[in-house]
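Per-entry structural report
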Amino acid sequence: MKIRKERCDGYLKPYVISQPEVTITERTAGDECLILASDGLWDVVSNDTACGLASLCLKGNGPSAEMKSPPNNEVSEYENCDRACSNASLLLTKLALARGSADNVSVVVVDLRK
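The structure contained in this document is the topic of the report that follows. (Residues numbered from 1 in each chain as written. Predicted model: local features only at pLDDT ≥ 70, side-chain atom pairs only at ≥ 80, totals over all residues. Heavy atoms only, no water.)

1. A short note on the nonpolar core
- Ranked by size, the top nonpolar core spans 19 residues in total, and within it Cys 33, Ile 35, Leu 41, Ala 54, Leu 92, Val 107 and Val 109 carry the most contacts.
- No other element matches the eight residues that helix 4 (residues 77–98) contributes to this core.
- Excluding residues within four positions of it along the chain, Ile 35 makes contact with Leu 41, Trp 42, Ala 50, Cys 51, Ala 54, Leu 92, Val 107, Val 108 and Val 109. (Core = buried A, V, L, I, M, F, W, Y, C linked by side-chain atoms within 4.5 Å. Buried < 20%, exposed > 50% of the residue type's maximum accessible area, 1.4 Å probe, protein only. Helix = DSSP H or I, 4+ residues; strand = E, 2+ residues; numbered from the N terminus. Contact = heavy atoms within 4.5 Å.)

In structure tokens:
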């Protein structure tokens, strides 16, 4: 494994940076969610679009029934929050893939309102 990794690192060195892009932002009362995602999303979806779609999902106006998690009639408020975050992540992932993302797509949405 180590030899293989070293070989890959040599090929990728000109294209991969070891310094992550980090920003620090003060939270406000109006913050609804946090979207943690790989370049596979951000290369093809704008910040405004991602935030808008996540916000719709968290307000219960998200993806159509066939994209949502299976219904469960006896769920707590926190489970509904988890389901909304999961639906938002799923929708954003499918959007990135539909737009032809050529990179790995990983998306996590965190509800900051609870």
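Next comes the rest of the description.
2. Points about a nonpolar patch on the surface
- On the surface, Leu 34, Leu 36, Val 108 and Val 110 cluster together into a nonpolar patch covering about 300 Å² of accessible area.
- Within the residue set of the nonpolar patch, elements represented by two or more residues are strand 1 (33–37) and strand 2 (107–111).
- One can find Leu 34 in strand 1. (Patch = residues over 30% accessible without salt bridge, like charges linked within 9 Å, V, L, I, M, F, W, Y side chains within 5 Å. Areas by Shrake-Rupley, 256 points an atom, 1.4 Å probe, with all protein chains shown as cover. Salt bridge = Lys/Arg side-chain N within 4 Å of Asp/Glu carboxyl O.)

3. Notes on helix 3 (residues 47–58)
- Here helix 3 contains twelve residues, and its C-alpha end-to-end distance of 16 Å stays within 8% of the 16 Å for a straight helix at 1.5 Å per residue.
- Taken together, the buried positions of helix 3 are Ala 50, Ala 54, Ser 55, Cys 57 and Leu 58. When helix 3 is viewed along its axis, its buried side chains cluster within an angular range of 160° and face the same direction.
- Positioned one or two residues after helix 3, Gly 60 has a phi angle of 90°, which is positive. (Expected span 1.5 Å × (residues − 1). Arc of directions from axis to C-beta.)

4. Overview of the pattern of salt bridges
- If you walk through the whole model with that rule in mind, you get three salt bridges.
- Here Asp 31 makes a salt bridge to Arg 27, at a shortest N to O gap of 3.9 Å.
- Note on Arg 27: relative accessible area 54%, which makes it exposed.
- For Glu 32, the salt bridge identified is with Lys 59, shortest N-O distance 3.9 Å. Note that Glu 32 is positioned in the loop between helix 1 (2–12) and strand 1 and Lys 59 in the loop between helix 3 and helix 4, a separation of 27 residues in sequence.
- Here Lys 59 falls in the exposed class, since its relative accessible area comes to 52%.

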